[in-house]
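Here are the chains, one letter per residue:
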Amino acid sequence: MENNFLNIPEEIALLALGEDGEVHPKIKSPKFDIVIASAILMDLAIHHRIDTDRVNIIPDKLEPLNDPILDVAIEEIKEQNKPLPIKDWIADLSLMGQFFRDEIIKSLVSKGVLKIENKQVLWVFSKRVYPLVEDKEVKEVRARIRDLVFSDNIPEPKDIVILSIVKHSDLLDILFTDKELDDYKQRINQIAKMDMIGLVIGEEMDEFKLYDIKAFFSGEEKSAEEMLEEHIRELKEKFRITDSGRLPEWLRRGTPQYEKTLEFVREVGTGDITFNHRTKQYQVNSYDFIGHGFGSGN
Amino acid sequence: MELKFKKDGEATILELSGRLDTSNYESFSDELLKKMDEGDKHIIVDMEDLDYISSSGLRVFLSALKKMKENNGELALCCMSDKISEVFEISGFSTIFKIFVCMDDALAK
């Protein structure tokens, strides 16, 4: 049975979540926003909302999928509606990373896979199992990917992209022991190459500059405008954005939305924030899977 | 994209030309699956005049290969240009498909 119960960003998030609710440390990093952005793009490609070649994302049928995570990305792509480099789209969607992290958890809770208890995200069934879908078992992602690597079966497109993301994001230790990585290196590389977006992620992750956000903002007091401009400079450098016109409106100086962004920065005292285009709400980036906007006493 | 079919003994040869991308992958997929459903067990895709293939096109080939294997059939590709060959190489598809330099080799095998 083709597994469409969960989207790819949801399955990637589940890979990072242990049965005890422990979140893999590599997830708690701005770099993981690149992983989420890539997962979204790969899922859109599988659903024929976009096409890709070695360099570009090419818009295809941009009809909504009735998926709150993927549909937001579709709307973003619709606004541009022209072929653009894969790395540009990874950057654009990564800027919405905190929003997507929160939406992923909300969705997994509503689908009965996860629950929130004492501010911790846990599997509903206390082990890595999905609820029955139309009375059928759906193999959970970790087991599926492992079985694929240990076999010589021709992979499903969805499993190709998941393994590609995991490999190019340096997260293989989530799925395999050191010995397994050694024994199955060739098979893993064979499958992971089969997705064009996956190949670009590897390059993006290598070039992504990680900053210690807190250290960056330590020291003398800064005005809201200074904090925001610093954050924008950092983002531009991280994602190699040279044209300020490419920044979203909420980060583009001189727009009404930018003024609202500034107001929020003044309110929260940090420039490390994100904006949800759909709900029109701002929140502070937490780089975790329960942002300040969800599940933490709100 | 243009698609032509012909038979050579037991083999069905598909001559694919132009671009295989988001605009036509569905029609290519339909034609390929139709041939499989008609019972063709040995299909060779001649890609000599194929100029461009996107990920949508690659996925059609992947699905077709899966189906052929399930039906105990064979799918082979041949006569790729350097550009298309490079795409198959970079994506690793060259490790799962039978790819031949020319039609004679594909037919012989």
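Source: prediction; values computed, not measured.

What about the overall build of chain A?
For chain A, the count of helices and strands is 13 helices and seven strands. Within chain A, the fraction of its 298 residues that count as buried is 38%. Taking as baseline every contact in chain A between residues at least 6 positions apart, the subset at least 24 positions apart corresponds to 66%.

As for the interface of chain A and chain B
Taken residue by residue, the interface counts 15 residues in chain A and 16 residues in chain B. Taken together, the elements giving at least two residues each to the side of chain A that touches chain B come down to β1 (50-52) and α10 (196-207) of chain A. A per-class count over the side of chain A that touches chain B returns seven nonpolar, three polar and five charged.

Overview of the sheet that holds strand β5 (residues 98-100) of chain B
All names here are of chain B. Sheet architecture is open: five strands sit in the order β1-β2-β3-β4-β5, paired in mixed fashion. The open sheet has two free edges, formed respectively by β1 (2-8) and β5, since each of these has just one partner strand. Geometrically, the sheet is characterised by an average inter-axis angle of 25° between neighbouring strands, direction not taken into account. Inspection of the sheet shows strand β2 (residues 11-20) paired to strand β3 (residues 42-53) by eight bridges, in the parallel sense. Counted as the bridge partner of T12 is I43 from β3. Here helix α1 (residues 25-37) sits on the sheet in contact with β1, β2 and β3, set at roughly 180° to β2.

Focus on the nonpolar core
Grouped together as the largest cluster of nonpolar side chains are 91 residues, with contacts concentrated most on A:I40, A:L41, A:M42, A:I162 and B:M47. Ranked by the residues each element gives to this core, the list is headed by helix α2 (residues 32-46) of chain A, at twelve residues. What A:I162 contacts, discounting residues up to four positions off in sequence, is A:I8, A:E11, A:I12, A:V141 and A:I145.

A few points about the pairing of strand β4 (residues 74-78) of chain B
Residue and element names in this part refer to chain B. For β4, the buried fraction is high: four of the five residues fall into the buried class. Here β3 pairs with β4 via five bridges, running parallel. If you follow D46 over to β4, its bridge partner there is C78. On the question of chirality, the crossover connecting β3 to the parallel β4 by way of helix α2 (residues 55-70) is right-handed. Where β4 meets β5, three bridges bridge the pair, whose relative direction is parallel. Residue A76 lies in a different strand from β5, and its bridge partner there is K98.

Quick look at the domain arrangement of chain A
All names here are of chain A. Each assigned domain of chain A is listed here: domain 1 (8-205) and domain 2 (215-284). At the level of secondary structure, the elements contributing two or more residues to the side of domain 1 that touches domain 2 comprise α4 (86-94) and α5 (97-110). Of all the elements, α5 adds the most residues to the side of domain 1 that touches domain 2, at three residues. Per-class residue counts for the side of domain 1 that touches domain 2 are five nonpolar, three polar and no charged.

Calculation notes
Residues numbered from 1 in each chain as written. Chains lettered and ligands numbered in written order. Predicted model: local features only at pLDDT ≥ 70, side-chain atom pairs only at ≥ 80, totals over all residues. Helix = DSSP H or I, 4+ residues; strand = E, 2+ residues; numbered from the N terminus. Buried ≥ 20, exposed ≤ 12 C-beta atoms within 10 Å, placed from the backbone. Contact = placed C-beta atoms within 7 Å. Nonpolar A, V, L, I, M, F, W, Y, C, P; charged D, E, K, R; others polar. Pairing = 2+ DSSP bridges. Axes fitted to C-alpha atoms, helices over the stretch in contact; angles between N-to-C directions. Core = buried A, V, L, I, M, F, W, Y, C linked by C-beta atoms within 7 Å. Right-handed = clockwise from strand over helix to strand, strands pointing away. Domains from an automatic or database assignment.

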